[in-house]
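Residue-level structure breakdown
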Amino acid sequence: MQQLQVNLTVQVPDDYVLVNKIEFEQLQKEKLSGTYWTMKDLEIRTNKKHEWIKTNILYPSKFRKVLDVKKGGFVYYPEVTGEKWSFHAIKMAQFLDDNFYSIFGGR
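First things first, this report covers the structure right here in the doc. (Residues numbered from 1 in each chain as written. Predicted model: local features only at pLDDT ≥ 70, side-chain atom pairs only at ≥ 80, totals over all residues. Heavy atoms only, no water.)

**A short note on the overall build of the protein chain**
Helices and strands together make up the secondary structure of the protein chain, namely six helices and three strands. When the helices and strands of the protein chain are read in sequence order from the N terminus, they spell out α-β-α-α-α-β-β-α-α. Principal axes of the C-alpha set define a box for the protein chain whose edges measure 70 × 35 × 25 Å. Taking all 107 residues of the protein chain together, 24% fall into the buried category. Looking at the protein chain alone, contacts between residues at least 24 apart form 48% of all its contacts between residues at least 6 apart. Roughly 8700 Å² of accessible area belongs to the protein chain as shown, and the carbon and sulfur atoms make up 52% of that amount. (Helix = DSSP H or I, 4+ residues; strand = E, 2+ residues; numbered from the N terminus. Buried < 20%, exposed > 50% of the residue type's maximum accessible area, 1.4 Å probe, protein only. Contact = heavy atoms within 4.5 Å. Areas by Shrake-Rupley, 256 points an atom, 1.4 Å probe, with all protein chains shown as cover.)

Below you can see the structure in the form of C-alpha cells.
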C-alpha cells in the first residue's frame, strides 16, 4: 500500500475557537452550574409533556427515592397546589443520561 503525506492548512474564522472534547464537556457542565430547571425546562430537555414526565420519571418509586429532595435527591416535589417543581439542572441532566434505558425502554 502506498502512503501520501500531506501538509494541510485550515483557516478557522476569528469568531470560532477549537477546544478538545473534555474541555467542551466541562464548559457545558459549567453552563448548568447553579441553574435550576422548571417543569417547562424539563419538558424541553426530554421532549415530553409534564404528564408523561410525572408518570414515567418523577412518581415511580424506583426513581422518586433517588430524586426527591426529602430523601437526599435533587428534585423539589411541590407540596401544595400552586407550588412549582424545581430541578437541580446538572444533577437532573446526569440522571436522565444515566437512566435513559430505564426511563425509555426498560420498564
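**Here we look at the packing of helix H2 (residues 39–46) against helix H3 (residues 50–58)**
Direction vectors running N to C along H2 and H3 enclose 80°, while the axes themselves pass 10 Å from each other. Our classification of the angle between H2 and H3 gives roughly perpendicular. Of H3, the residues touching H2 (which contributes Met39, Leu42, Glu43 and Thr46) are His50, Ile53, Lys54 and Leu58. Residues of the contact of H2 with H3, tallied by class, amount to four nonpolar, two polar and two charged. (Axes fitted to C-alpha atoms, helices over the stretch in contact; angles between N-to-C directions. Parallel < 35°, antiparallel > 145°, perpendicular 65-115°, else oblique. Nonpolar A, V, L, I, M, F, W, Y, C, P; charged D, E, K, R; others polar.)

**Here's the deal with unusual backbone geometry**
Phi angles above zero are rare outside glycine, and Asn47 is one such case at about 60°. Relative to the helices and strands, Asn47 is located in the loop between H2 and H3.

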